[in-house]
Amino acid sequence: MIDVIDLKKSFGELEVLKGITTTIKKGEKVVIIGPSGSGKSTFLRCLNCMEDPTSGEVIFEGVNIADMSVNINIHRRHMGMVFQQFNLFNNKTVLGNIMLSPVHIGLQGLRRKRRRNLLIRFGNLFCKNKKDLLEIDTAAKIKEDARQNAMRLLKRIGLEDKANAYPSTLSGGQKQRIAIIRALAMNPKVMLFDEPTSALDPEMVGEVLDLIKQLADEGMTMVIVTHEMGFAREVATRVMFMDDGRIVEENKPEEIFTNPQNIRTKEFLSKVL
């Protein structure tokens, strides 16, 4: 699904990623661990080009999305992103937050289809072979479909009663679960999680991890940066240990946690386990 080839990223003179090459297959749950400053979050943000790579390739479903000539927004729709700090819009209700992107994309598509139908009508005035007009939804239907989907997702996490609440009234765990289903509302093919529990109180961590585990059990492709080693061991199909901008070691979780091969991996795990 995603092929990363010699990916490098620098901020001025600081080289953060130093040539990463790996493949993320459909259905995999890749968990990235490592010390702070090792490049984990930068790598994740480069996967959907929220950070433009300095060099290298990120091939997503056959397209190098690191190529500046590619319309990244089209491909980014298929990659859900969940941040440390929730990034909900405080001036919108919970329902408004979840509906925002689906409605925006839906209305964009509606405008394109309307323009296309105008061209078809114009062409049909001069052509013997008449073309059929594209079937299009109304703006009202697009918004109602988005609302129903948002309510379905809220019901899934038991927060349908919070639909008209504002983010400032919610707990951290509630905010993060809503941030996750906001990403799911776009029906992504892969989910990227950047330390999704690091900003939460310990008692709220479990409810967020439980939701991510549910998605993992359903077969969602995931790349997760986390410091939760127990969670990594339970959920991952592959664990990737990063240090100093490189992938130092990657393997199945049992191999990484019980029999790490690299001395740097051993040192890190001895301090966090």
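Look up a bit, the structure's there.
This text gives an overview of the structure that appears in the document.

Basis of the calculations
- Residues numbered from 1 in each chain as written.
- Predicted model: local features only at pLDDT ≥ 70, side-chain atom pairs only at ≥ 80, totals over all residues.
- Heavy atoms only, no water.
- Salt bridge = Lys/Arg side-chain N within 4 Å of Asp/Glu carboxyl O.
- Helix = DSSP H or I, 4+ residues; strand = E, 2+ residues; numbered from the N terminus.
- Buried < 20%, exposed > 50% of the residue type's maximum accessible area, 1.4 Å probe, protein only.
- 1 Å grid on protein atoms, 1.4 Å probe; cavity = no way out; pocket = protein on both sides within 12 Å on 5 of 7 lines; lining within 4 Å.
- Points joined across faces, edges and corners; volume = space filled by probe spheres on them.
- Nonpolar A, V, L, I, M, F, W, Y, C, P; charged D, E, K, R; others polar.
- Polar contact = N/O pair within 3.5 Å; in protein donor to acceptor, adjacent residues only side chain to side chain.
- Contact = heavy atoms within 4.5 Å.
- Pairing = 2+ DSSP bridges.

It is worth spelling out the pattern of salt bridges at this point. In the structure shown here, the tally under the stated rule is 14 salt bridges. With a shortest N-O distance of 3.0 Å, K189 and E61 are connected by a salt bridge. Here K189, found in the loop between α5 (172-184) and β7 (190-194), pairs with E61, found in the loop between β4 (55-60) and β5 (63-64); they are 128 residues apart in sequence, far enough to count as distant. Taking relative accessible area as the criterion, K189 reaches 35% and is therefore assigned partly exposed.

Time to look at the layout of surface pockets. Computed from the structure, the largest pocket encloses a volume of approximately 640 Å³. Counting only elements with at least two residues in the lining of the largest pocket, the list comes to α2 (72-76), β6 (79-82), α3 (94-124) and α5. Sorting elements by how many residues they give to the lining of the largest pocket places α3 first, with 6 residues. A per-class count over the lining of the largest pocket returns 11 nonpolar, 8 polar and 3 charged.

A few words on the side chain of T221. Take T221: it is sitting in strand β8 (residues 221-225). From its side chain, T221 meets the backbone nitrogen of G27 in a polar contact 2.7 Å long. Residues in contact with T221, not counting those within four places in the same chain, are M1, I24, K25, K26, G27, E28, K189, V190 and M191.

Our focus in this paragraph is the pairing of strand β3 (residues 29-33). Every regular strand shows the same layout, with side chains that alternate between the two sheet faces. Summarising burial for β3: 5 of the 5 residues are buried, a large majority. Note: β3 against β8, 4 bridges, orientation parallel. Directly across from V30, in β8, lies its bridge partner V223. Of the strand pairs in this sheet, β3 and strand β9 (residues 238-243) are connected by 4 bridges, and their pairing is parallel. Residue V30 lies in a different strand from β9, and its bridge partner there is R238.

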